[in-house]
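Chain by chain, the residues:
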Amino acid sequence: MTSLNNLTIHELHELLKNKEIKSADITNYYIEKIKKTDSVINSYISLDSEGAAEEADKADKYIQNMLDNKSKSNNDRGSNYHDGNNKNGDNSFDENAFPYLTGIPLSIKDIFLMKGKKTTCASKILENFISPYDSTVIKRLKENNFIFLGKVNMDEFAMGSSTENSAFKSTKNPWDTKRVPGGSSGGSAASVSADLCAGSFGTDTGGSIRQPASLCGVVGLKPTYGMISRYGIIAFSSSLDQAGPVAKDVLDSAILLEAVSGFDRLDSTSRKFKIKKYSDIVKKADKSKIKGLKIGIPKEFLSEGLDKDILSNIQEIKNNLKELGAEIIEISLPDTAYSIAAYYVIATSEASSNLERYDGIRYGYRFAQNNNNGNTNYIDNNSRKDVNNTGALYNNNNSYTAANNNTGNSNSDSNLDLDLDLDLTNLSGIDIDTSKLKNNLEELYSYSRTIGFGKEVKRRIMLGTFALSAGYYDAYYKKASLIRKLIIKNYKDAFGKVDLIMGPTSPTPAFLIGEKTDDPLSMYLSDIYTISVNLAYLPAMSLPSGLTKENNPNGGGLPIGLQIIAPWCAEDKMLETAKIIEDIVNFRKKFQPDLNI
Amino acid sequence: MEYIDNSFEAVIGLEVHTQLLTATKMFCSCPNVFGKEPNSLVCPVCLALPGSLPVINFNAVKLAVKAALAINLNINKKSLFARKNYFYPDLPKGYQISQFQDPVSSNGYLIINIGEGKEKKIRINRLHIEEDAGKLIHAGYNSFVDLNRAGTPLAEIVSEPDLNSPAEAVAYLKELRDILVYLDISDGNMEEGSFRCDANISVRKKGDAKLGTRTEVKNVNSFKFVEKALEYEINRQIELLLNGGKVIQETLLFNSKTGKTESMRGKEEAHDYRYFEEPDLSPLILGEEFIAEIKNSITELPRAKRERYIREYALSEYDSEELTRNKEIAYYFEDLIKANKDRVEIKKIANWVINDLLFELKTVRLDQELGLDQRTTLDQSADNFEIKHGGMIPVKIEDFLELILEVEAGNINKNTGKKVLDEMLSTGKKAGDIIKEKNLIQVSDEKGLEDTIKQVFEENPNELEALIDGKDKLFGFFVGEAMKKTKGKANPKKVNEILNKHIENYKSGIRINQEQGQS
């Protein structure tokens, strides 16, 4: 059998098309590899081996059926061969009938809702939440007959840059398991980098796709705001969140992007952009396209704090592009310095409001105490058999339990068949004096959220709540919105002079696990080059452009990511240029993480 | 209005919430219907499941703009949705999508009647669009959440503090509700909560320019309660001030059982709603054409109609009000006038509509709605008949006019006319056919009526004796008996004439038979 090791989506697609392999084989390859190596990498939160196997069989039948029909129609056509009406070559497929993603196994960041599957957002508060509906991204992937392998790890509610903020586990960087994969889409980047899936989808609010892609040596793309529907993606910051692909190469990211892009009436911020056939553009990309291309490098992106290997890598690529006839122009994005401050006001403000729905009333984790016997119980709404997703209720007196329980001396939860695996010893330092509980609604809210949310999420909720408070709104939220307008103008001015902007994705290669967890500010700074792109609603991507030298004090032999930022809706130009750079660097052929597992 | 000390005056501003009559909710496609099984009209959006997003219902925007135009507000071509953040179990998202800065409309007014033919202009600050919360039902130790109502489209209409008495407040509310119901914007049903009111109240010494500290009374669900709650609250504040106390800014709830207002939360517990622009929705941009189209769809409003009826038809204020209270009735009446072509006096047609048609409709409504045998009438049901009847008056204009003309021509009497109308409503037959079929033509011939009355006298000699002796009350008894004998068909005018003649004759000692014998 053909080796399936580290193949891209388009390579797998060719094999499926030529009947050299079945989707079931590919799926089984990944499942086995995940079972073998993910205990080290920790990229998956939930693995759906059975579902994936089933879907793969279906996809194989579908492919078989289609290939049979095709050979039949080819025979038919053969009889007419001489009349000259055969416009399509013999080996061409109807791409609508056999999309690239048919039979291709993907991992999905655990922030996308998928019907019947757990969607936790890497949070205790949604630990057992099973989605009753499909996000638009999943719906479109299903229309492409993709294979769902499982949900991958992330920072809780996408808040973080290292995936260390997951409530469940910390994902390792496949290039060095002592290091973080970046975040928040660290599970996506690690699973793609370690070849535990063919590709993945993540979300990017301030760099959450590009930064982990950079740290893990894979391609990550954040499209123009409004290009991919946010419906069914758990919201962190509504005006900044955007889904996008994490892939092994540029063509794969184009394939993944075009499969899910486009207007969705369920998302009022999605736009009626013209979605191009990005995969065709990438396939046709040619070095001659670089001639005369104006590429801007913002001086603010090459400032203090940038790793010297990353700096020299940028210079090298700059020279390569110059040789091909590109015009390299130094530009300025003068308000970059304010972008982190503005971002953390806007993102946390919106998050403080977006996360209000996790209140323990209708679904998710709920704190409850039964006053009669002094026991404190932790009720998970989603493991309650008497209450479905819509049967919202709470008890306004002693115990927050079902309607028909008798609040007598017995444990009123005993008839509920509860999954009480959350206990007082596992509350990460939260100390509740149960003798002082008043058993009221406020406690239900505050303890459900205190226990359900992790530290970083609570930090951001508090920041955002403060920024929106009466008397502070003008000083923080309003001012941040004004800075956002300045940043948009910075980019507008820059794109008046250049076609694309280029620079580093991250100031350093992957840092060590635990290195920044006690210093949130230095963690926030790791997004310095990515954040302003979200504020300006622009598309950008990170592609691997080299490795740090062995003696690098920030870590040797680690991937470097090159960031390309494009004007609004210029994904086509961005992908085309990325493909040309990819061919120059030839990263995948030269470097692979040494898993040694 | 008399207060415990009339050197004080009240200053009142009202916030009205009205549900909009759309088919679906404000931000999702769940049906906007009252009274279904709890939590049966919900979806990921109105349940606030993770990942769900709102989509604006443009019919709700249309209705809100229509309402705004009807109360003279300026429409803002660009308006913003905002999140109002607070935790409560009936608010699934933890925030209500509303409008804060840049509402859809601002700066309007409403003219109200304040008695003795006087009018007053009440300024309206704004009308904005928002969504309703769900409902909590408390039962013993348990509380239940019903989210069917969550996400229902609402318009909030905020008046300036231009109202100075409970009566003015009620007049404002009635005027506002009439308009909203007229334009099919709201069903105006206070009991079901589709038209609700919060009142801001303060008092000050007459002549003072400075406003006193205000309190807010929440969710008063009938006009009567509004009046009572305001009256109580005004007197409470005056009394407090007279005793040297201070009014505290707080939110109160009206207890309809005790007739008192009770503290709900004080200023220090007031919510900080942390309003900010809703990032899930784009700004609402309304084009000139869109606004103009809605403007053109606004028909003559009740106040204008009333004034025109008084002016053009010379009707009384009472009649005009009765006729215009319900839009369908008003249009029906106007069509009758047109078809009538001045054959019957307009006042008479008005009486037919007010006294007979409306009465019958209310009765029919009950029969059909409740399946009742007895024909009772409910006072207030007239306001709602339109909705219950599906907006239909089940008698054609020409058929109703035919009936009126039959009575006017003296072919049937007024009482028979009412019975014919009843028959028309239940069978859909025409007046002429019913009259013919049931042989209802009025008996007016003198000879026949003379015989009937003679028969009645013979059957009731004692009563006759008493009547002759001066017991005049019995006159009606004989009219009734005569009508009975003719099955109601006798021309009552003729019966009266003949009866009168005979009684007079009796009194002067002449007996009919003698007279007959002499002749």
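Each chain carries its own residue numbering, running from 1 in the direction its sequence is written. The order in which chains are written sets their letters, starting at A; the order in which ligands are written sets their numbers, starting at 1. Totals for whole chains, interfaces and linings use every residue, but because this is a predicted model, local features are given only for residues with pLDDT of at least 70 and side-chain atom pairs only at 80 or more, for both listing and counting. The side-chain numbers reported here are obtained from all heavy atoms of the structure, hydrogens and water having been left aside.

An unreviewed UniProt entry annotates chain B as Aspartyl/glutamyl-tRNA(Asn/Gln) amidotransferase subunit B of Candidatus Acididesulfobacter diazotrophicus. UniProt positions are given in the numbering used here, feature names are shortened, and annotations may be inferred rather than shown by experiment. The record held by UniProt for chain B lists under Subunit (unreviewed entry) the comment "Heterotrimer of A, B and C subunits." Within the UniProt record for chain B, the comment given under Sequence similarities (unreviewed entry) is "Belongs to the GatB/GatE family. GatB subfamily."

Peer 1: For the packing of aromatic side chains, give the residues involved together with the corresponding values.
Peer 2: Residue and element names in this part refer to chain A. Whether two aromatic rings pair depends on their centres lying within 6.5 Å, for rings of Phe, Tyr and Trp, where Trp uses its six-membered ring; planes under 30 degrees apart make the pair stacked, over 60 edge-to-face, and the rest tilted. Counted by the stated rule, this structure contains 35 aromatic pairs over all chains. On the basis of an interplanar angle of 70° and a centroid distance of 5.7 Å, the ring pair of phenylalanine 157 and phenylalanine 453 is categorised as edge-to-face. Highlighted residues: phenylalanine 157 in the loop between β3 (147-152) and α5 (186-193) and phenylalanine 453 in the loop between α11 (441-452) and α12 (455-468), separated in sequence by 296 residues. Here phenylalanine 157 and phenylalanine 453 have matching classes, each one buried. Centroid distance phenylalanine 367 to tyrosine 447: 5.0 Å. Interplanar angle 50°. Geometry classified as tilted. In this pair, phenylalanine 367 is assigned in strand β9 (residues 365-369) and tyrosine 447 in helix α11, connecting sequence segments 80 residues apart. Helix and strand assignments come from DSSP, with helices taken as H or I runs of at least 4 residues and strands as E runs of at least 2, each series counted from the N terminus. Accessible area is worked out with a 1.4 Å probe on protein chains only. A residue is then buried under 20% of its type maximum, exposed over 50%, and partly exposed in between.

Peer 1: Break down the environment of Phe100(B) for me, with residues and values.
Peer 2: All names here are of chain B. With respect to the helices and strands, the residue phenylalanine 100 is situated in the loop between β5 (95-98) and β6 (105-113). Linking phenylalanine 100 and glutamate 168, residues 68 residues apart in sequence, is a C-alpha distance of 27 Å. Residues count as neighbours in contact if any of their non-hydrogen atoms are within 4.5 Å of one another. Ignoring any residue separated from it by four or fewer positions in sequence, one finds phenylalanine 100 in contact with Ala82, Arg126 and Tyr275.

Peer 1: Tell me about the state of the cysteines, residues and numbers included.
Peer 2: Pairs of cysteine sulfur atoms within 2.5 Å are what we label disulfides. With the rule as written, the count across this model stands at 0 disulfides over all chains. The structure places no disulfide on Cys216(A), whose sulfur is separated from the nearest cysteine sulfur, that of Cys197(A), by 11 Å. Judged by relative accessible area, Cys216(A) falls into the buried class, the value being 0%. Lacking any disulfide linkage, Cys46(B) is separated from the closest cysteine sulfur, that of Cys30(B), by 3.7 Å. Accessibility expressed as a relative area gives 7% for Cys46(B), which makes it buried.

Peer 1: Give a detailed account of the sheet that holds strand β4 (residues 82-85) of chain B, specifying residues and quantitative values.
Peer 2: Backbone hydrogen bonds hold the strands of a sheet together, and the pairing may be parallel or antiparallel. Residue and element names in this part refer to chain B. DSSP-based pairing: two strands are paired if at least 2 bridges between them are found. Pairing is antiparallel in the open sheet, where 3 strands are placed in the order β5-β4-β15. The two strands at the open ends of the sheet, each matched to only one other strand, are β5 and β15 (276-277). Pairing of β4 with β5, which is carried by 4 bridges, proceeds in the antiparallel orientation. Counterpart to alanine 82 in the pairing with β5 is serine 98.

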